[in-house]
Amino acid sequence: MGRSSYVATKAAIKGFAIAARYELKPDGGSLLNRMRLLRELLEYTLEECAGRAAVACRITVEEEIAGGITREDIEGVLRELGELPDLWDFAMGSWEGDSVTSRFAPEGNQEEFVAGLKKLTTKPVVGVGRFTSPDAMVRQIKAGILDLIGAARPSIADPFLPNKIRDGRLNLIRECIGCNICVSGDLTMSPIRCTQNPSMGEEWRRGWHPERIRAKGSDSQVLVVGAGPSGLEAARALGMRGYDVALIEARRDLGGRVRQESRLPGLSAWGRVQEYREAAIAELPNVEVFRESSMTAADIIEFGFQHVLVATGATWRTDGVARFHTTPLPIAEGAQVLGPDDLFAGRLPEGKTVVVYDDDHYYLGGVVSELLALQGYDVSIVTTQSQVSAWTNNTFEVNRIQRRLIENGVTRITDHAVTRVGVGGVEVTDVYAGAVREVECDAVVMVTARLPREELYLELEGLRAQGELQSVRGIGDSWAPATIAAAVWSGRRAAEEFDAELPSNDEVPFRREVTQTGLRRRPVISGDGRGPASDFSDAGPQSKSAATSYFSRNRHHYFCAALNSRRRRCRIGSV
């Protein structure tokens, strides 16, 4: 494998080196002067690598802010420095701009910013844009826009994407749906998750593989009730293990909530969760799918199934109970109250004015408001948070959602809770000051919380306790309503653990990375703060404090020394 060294012109280096808005001169200073730091960093890096490693430079091509880096700036940099690094990596000015969700940008959306830049250098260029379609990748290369395709999120969804393109197995590519649930792991300090690839983050912890799974441990047959995201994934994974699986769905169409939600504005790419799994199941002769087949507990016993996974989904509440209210709201008789399930079924509010109550805080409140506004309703959305769909801050969508709502004429009533529903209006209360006011409306749509459809599971669990079934397990939203990613993960876990001997609840069911402390020799500053001590083992608390203070006071000088000395290499210890 080749070695490479990256020089990033994003963050501080990008901002202070190129953007005119950081220059104190009235005219912003000349571009040649502003790119000097970048030139020197590239030259020093090339000298240090001395051909032993390739040098790549990631550079911002668009900041999407006033006074930011311009197209003229980037073209000027490439004309002057285009032949220095071994590769150019074009990127947007922020992670939010680089990783836009499918709801707000199509595949390859960065083309308008990078098109034409390749002509300014003979060195190869790479770019990103949530590429999932091989055709879109090939078009960018043949059109001379890029030489290499960067695929971070698509590789999370399908690490074997290049192999499947090479082998012509395009129908089995798990295309990224652009939901950014993977990004949310970084912002919430939690394990990474992927809606399409439930093995992401579990490769080492649980030994899951995105393409392979251990063979079956018995000749058992498994019934999966419900073909939503969890049921589809469980049936697919069990089928790959070699079990005979019957997948039962009450409706004609598979997909459950994924099929319903992918019809909402901007969420069509989410249908890939269903499409990939349908395609994968179609290639498994040991998995049978039965559509329009409602099944009761008595039916299951009659057909002789001994192992059942229940994936019957969840139902949206319409009584206002969620995060803010733990008991149902007072709702006047005759008030028109709907939930997302009504909209999914095609039942729209009567009248012209609608209040959407968002106490879910993820994407759906904003999407429902957008849907109703596009249908011609006068929409107000009430939320207890300071922003609509506040949790989407973790998926880089929250600002775009506010803008979309404003553009569609939706009135946002933030930091308020709906506290009473009447005929012709709702009472809303300021969550901080307690001030109460009325908002007129013909109907209310509650986007609050969901309840699991667990009746079948509970009945089957009772039969299992009586010895009529060997195993019953609830999965997905029917067990714990959550994200689509959590439902898919739940289906994979059920398939992985079927017929396995599980540890007790007192044991952690996965491997953990446990940090072990130990003495490490690190340069520090002596107790008087004027020079280095030999080691932390030689320095007391005062010395450590002095070291931190010393580097805080002299960080600028060390940074400048590292840049201005081409012969003497300065290494700054971490204290």
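None of the values given here were measured: they were computed from a predicted structure.

K.L.:
Help me out: how do you make sense of the pairing of strand β9 (residues 307–310) in this one?
P.N.:
Residues in a regular strand point their side chains to alternate faces of the sheet. By the alternation rule, side chains of β9 split into His307 and Leu309 and Val308 and Val310, which are all buried. Sheet topology note: the strand β6 (residues 221–225)/β9 ladder contains 3 bridges and is parallel. Paired with Leu223 across the two strands is Val308, which belongs to β9.

K.L.:
Teacher, can you tell me more about the pattern of salt bridges here?
P.N.:
If the charged atoms of two oppositely charged side chains come close together, the side chains can form a pair. Taken as a whole and assessed by the stated rule, the structure comprises 37 salt bridges. Between Glu233 and Arg277 there is a salt bridge, with the nearest N and O atoms lying 2.7 Å from each other. Of the two residues, Glu233 is situated in helix α11 (residues 229–241) and Arg277 in helix α13 (residues 272–282); the sequence distance between them amounts to 44 residues. The pair Glu233 / Arg277 is uniform in exposure class, with both members buried. Put simply, Asp158, Lys164, Arg174 and Glu211 are held in one network by salt bridges that share partners.

K.L.:
Just to check I follow, could you spell out the environment of Val388 for this structure?
P.N.:
Positionally, Val388 belongs in the loop between β13 (378–383) and α17 (398–407). As a C-alpha pair, Val388 and Thr414 span 26 residues in sequence and 7.1 Å in three-dimensional space.

K.L.:
What's the story with the sheet that holds strand β8 (residues 287–290) in this structure? I'm lost.
P.N.:
Paired through their backbone hydrogen bonds, the strands of a sheet run either parallel or antiparallel. Strand order in this open sheet of 5 strands is β8-β7-β6-β9-β20, and the pairing throughout is parallel. The sheet is open, and its two borders are formed by β8 and β20 (471–474), each paired with just one other strand. Ignoring which end each strand starts from, the neighbouring axes of this sheet average 15 degrees apart. Two elements, β9 and β20, share 4 bridges in a ladder whose sense is parallel. In the sheet register, Leu309 faces β20, and the bridge partner there is Arg473.

Parameters at a glance
Residues numbered from 1 in each chain as written. Predicted model: local features only at pLDDT ≥ 70, side-chain atom pairs only at ≥ 80, totals over all residues. Heavy atoms only, no water. Buried < 20%, exposed > 50% of the residue type's maximum accessible area, 1.4 Å probe, protein only. Helix = DSSP H or I, 4+ residues; strand = E, 2+ residues; numbered from the N terminus. Pairing = 2+ DSSP bridges. Salt bridge = Lys/Arg side-chain N within 4 Å of Asp/Glu carboxyl O. Axes fitted to C-alpha atoms, helices over the stretch in contact; angles between N-to-C directions.

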